[in-house]
Amino acid sequence: MFRAPLLAGIAALSFLGAPALAQDAALAAQRAAVFQQMLSDPANRTLMRDYARLSVQMRDFEAAAATLERLVDLEPTNSAARVELAIAYFALGSYEVAEYHLAAAQAAGALTPEQTAQVARYREETQDRADGSEFSGRVEAGYAWTDTASDAGAFLNATLDWRIDLGDANATQWVTEFGYSSFQPGDSSINDRQNLRLRTGPEFRIAADAYGPRVQPYVELAWFRDDETLNGDFRSWSVGANYINPINERVTIYADFDIGRIYALDTSGDEFDFHEFDLGVTYRPSRDLRFRLSTTLFERTQADDPTPDTFEGASVRLSGQYAFDPSFQLLPNRWVAGGFIEAGQVDQVVAGTATRLEQQRYAAFLRAFVYEDIYVESTVAQVMEDSISGGVTTPSEEMIFTLQIGWEF
């Protein structure tokens, strides 16, 4: 069942990303041409600046930093080059080196007002990351409309990531993640959901820079209502491990496995043992374009029951997004367009009856940043999923429109 929707999603996202891929190929060719000129004229400072600029656009920050280091050696009073060098080191995770160059650029007193504001922002962020404690997150609030029964309703999403540097040789951090989602388009919607989760545990970094594998064993507590298999209110606990490996500036792979127990909060007192496995890869061919392909497998089995209800599920998801600067100035900052396609199935055995339920979701969004970290976003999503009642499987379909405002911090 995954093949048709997945191929359709790949085709759609490839169509959206084709201009960016062509642009990336043009950047690569342009940078290669500049590099060949640098071989013939290695002290040419204009070529150095061009090569560094193109490297940043291609997210090759190591090449940008190496070239800018040479340029700053030749032009120690070039504050603009020093700021660019600091930003490259910041992107590589070398915050102390970035802070050194930011402070030097600021002390030179030759920055424009725009550069002064930029340096102040980077210095504040660098110091936050260097002081051992770092917060980041997102808050979104909006309204949703459906085409099923003219339903409408508000929703709220929030995430918070808190990292504490433990200061050992492996660059270990204690990472705590909090997430809350309440999405209720309307009483007749098939897409209502609420969940709350808290995950915490140490993250061990094999490499001390921006790239290389990281492993986080964790404990997670959660509460949810009406997810893909269970109706009603539930709480759960689990233990697991998360693996993420930014191989380079373009490719990141990740995996996550957890195991635990779910408890019903109603009078039934049902309990389920569960395990879940996630695997995915992110490919970022350019600074502005990103694709992610992921799959999830899970199993839930009713605990302490000689003929347990069971739920086994699998899904695959392809998503992509493209950031760009609009040609018009209606809004002053960047825009992001993207979407995803997802297909899944749940094989359930309830009261001895086996049933397969299928799900498909498609979505596209457009996000416009009103300020540097505040945005408005509109989304259209198509949801198709099976439900079962009285032993009869019924397909349902719904289109959802949302409008929201968000804040990244």
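Everything that follows concerns the structure shown earlier in this document.
The following paragraphs examine the structure supplied in this document. This one's a predicted model, so the numbers in the text were calculated from it and none came from an experiment. Per chain, residues are indexed from 1 in the order of the written sequence. Selection of residues for local features in this predicted model requires a pLDDT of at least 70, selection of side-chain atom pairs for listing and counting requires 80 or more, and totals for whole chains, interfaces and linings are taken over all residues. Hydrogens and water are ignored here; the side-chain numbers use all heavy atoms of the structure.

It is worth spelling out the overall build of the protein chain at this point. Elements are defined by DSSP. Helices are runs of H or I of four residues or more, strands are runs of E of two residues or more, and each kind is numbered from the N terminus. Summing up its helical and strand segments, the protein chain has six helices and 14 strands in all. A buried classification covers 42% of the 409 residues belonging to the protein chain. Between two residues, a contact is recorded if the distance between any of their heavy atoms is within 4.5 Å. Summarising the internal contacts of the protein chain: among those between residues at least 6 apart in sequence, 52% fall at separations of at least 24. Working definition of accessibility: Shrake-Rupley area with a 1.4 Å probe, residue cover restricted to the visible protein chains. Accessible area of the protein chain: about 21,100 Å², with a carbon and sulfur share of 57%. Relative accessible area decides the class of each residue, using a 1.4 Å probe on protein chains only: under 20% of the type maximum gives buried, over 50% gives exposed, and in between gives partly exposed.

Here we come to the pairing of strand β3 (residues 173–183). Where burial is concerned, most of β3 is hidden: eight out of the 11 residues are buried. Note on pairing: two strands pair once DSSP finds at least 2 bridges between them. Both strand β2 (residues 152–165) and β3 contribute to a ladder of 11 bridges, which runs antiparallel. Residue I164 lies in a different strand from β3, and its bridge partner there is W174. Bridge analysis of β3 against strand β4 (residues 193–205) gives 11 bridges, and the strand direction is antiparallel. Considered in β4, the bridge of G179 is made with R197.

With that settled, the discussion passes to helix α4 (residues 79–91). Look at α4: 18 Å from first C-alpha to last across 13 residues, which is about the 18 Å you get at 1.5 Å a residue. S79, A81, R82, V83, L85, A86, I87, A88, Y89 and F90 are the residues of α4 that are buried. Each polar contact in these results corresponds to two N or O atoms within 3.5 Å; when the atoms are within protein, one needs to be able to donate a hydrogen and the other to accept it, and residues that are neighboring in sequence are counted only if both atoms are side-chain atoms. Where α4 begins, the side chain of N78 points an oxygen toward the backbone nitrogen of A80, at a separation of 3.3 Å. Just downstream of α4 lies G93, where phi reads positive at about 85°. Working rule for helices: expected span equals 1.5 Å times residues minus one.

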